[in-house]
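So the chains spell out like this:
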Amino acid sequence: MSQVVLPEIYVERVVSEAVRELRHRVLWQHKESSEACVIDIDDAEHAIHLAAFTKNQFSWGIRLHGHPGTLVGACSLFDQHCMRVQVPWGPGDDLRLRVMGTLPEARGWGAGAALIARAVQEVQKQGRHALWCDARQVAYGFYERQGFAFLNDTYEIPDIGPHRTMALDLSSRPVSNL
Ligand SMILES: CC(C)(COP(=O)(O)OP(=O)(O)OC[C@H]1O[C@@H](n2cnc3c(N)ncnc32)[C@H](O)[C@@H]1OP(=O)(O)O)[C@@H](O)C(=O)NCCC(=O)NCCS
């Protein structure tokens, strides 16, 4: 039986403009354009935008000037503490994960997990102890698979739907640069 070989994924830090099309196609289809898919703190000093790329090119993927491959996923990290509920592992030591998504054509290729792994490195590099997010209902299983725990019950975010706050405890995880 032949084994399915998934495209190799790598993650790089990118500028905020680079993640807008992904946000529009995957997360904020209700907005009128990619240019509208901005967050007021996108260009704040501590904001970090990560993109997952494949080495191969795919016609449905997002092309980025200067990158030979295809952008298939992205997320952003912000220096924001969780106000909805206290993150139990070192309150005030948390970093917020937002606008996480991968293109439907590339789901299951490991891009989501690669983005979380890189986000974990960023949290640890900053000496923080938790990564948290407002998780969409459709993504609960994904975050659980990455080790996140639920911190509260369901709440509604207008235009998007049910969410729960989830967080990843990094207070005792050894630092890895792999
Ligand atoms: C959730 C999402 C980011 C997952 O991305 P992905 O690139 O498919 O994830 P990966 O391929 O890295 O999957 C990693 C693991 O999680 C599992 N997984 C992925 N999505 C899952 C889901 N919705 N429920 C349960 N498990 C899931 C995969 O099977 C895989 O398991 P494995 O470790 O046993 O192989 C993607 O489905 C997505 O963009 N969804 C729509 C946007 C969204 O809801 N984003 C989250 C906003 S809070």
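The preceding data block contains the structure.
Let me begin by describing the structure that accompanies this report. (Residues numbered from 1 in each chain as written. Predicted model: local features only at pLDDT ≥ 70, side-chain atom pairs only at ≥ 80, totals over all residues.)

### Describing the site of the ligand
Inspection of the region around the ligand gives 21 residues, with T102, R107, G112, A113 and G141 positioned closest. The set of elements that each furnish at least two residues to the shell around the ligand consists of helix 1 (20–27), strand 4 (94–102), helix 2 (111–125), strand 5 (130–136) and helix 3 (140–145). A breakdown of the residues in the shell around the ligand according to their chemical character gives eleven nonpolar, seven polar and three charged. (Near = placed C-beta within 6 Å. Helix = DSSP H or I, 4+ residues; strand = E, 2+ residues; numbered from the N terminus. Nonpolar A, V, L, I, M, F, W, Y, C, P; charged D, E, K, R; others polar.)

### Remarks on the pairing of strand 3 (residues 70–78)
The element strand 3 is largely enclosed, with a buried count of eight among its nine residues. Note that strand 2 (residues 48–54) and strand 3 share seven bridges and pair antiparallel. Considered in strand 3, the bridge of H49 is made with S76. In this structure, strand 3 lies alongside strand 4, joined through five bridges in antiparallel fashion. Looking across to strand 4, one finds that G73 is bridged to T102. (Buried ≥ 20, exposed ≤ 12 C-beta atoms within 10 Å, placed from the backbone. Pairing = 2+ DSSP bridges.)

### Considering the pairing of strand 2
The buried fraction of strand 2 amounts to six of the seven residues, a majority that puts the element mostly inside the structure. Relative to strand 2, strand 1 (residues 9–14) runs antiparallel, the two being bridged by six bridges. In the sheet register, R13 faces strand 2, and the bridge partner there is L50.

### Let's talk about the environment of A36
Along the chain, the position of A36 falls in the loop between helix 1 and strand 2. Residues A36 and R23 lie 13 residues apart in sequence; the distance between their C-alpha atoms is 9.7 Å.

### Some words on unusual backbone geometry
Even without being glycine, V99 reaches a positive phi, approximately 40°. Phi at D159 takes a positive value of approximately 75°, unusual for a residue other than glycine.

### Regarding helix 1
Within the span of helix 1, buried status applies to R20, L22 and R23. Projected down its long axis, helix 1 carries its buried residues within an arc of 160°, all on one side. Here the buried face of helix 1 lies against strand 3 and strand 4. (Arc of directions from axis to C-beta. Contact = placed C-beta atoms within 7 Å.)

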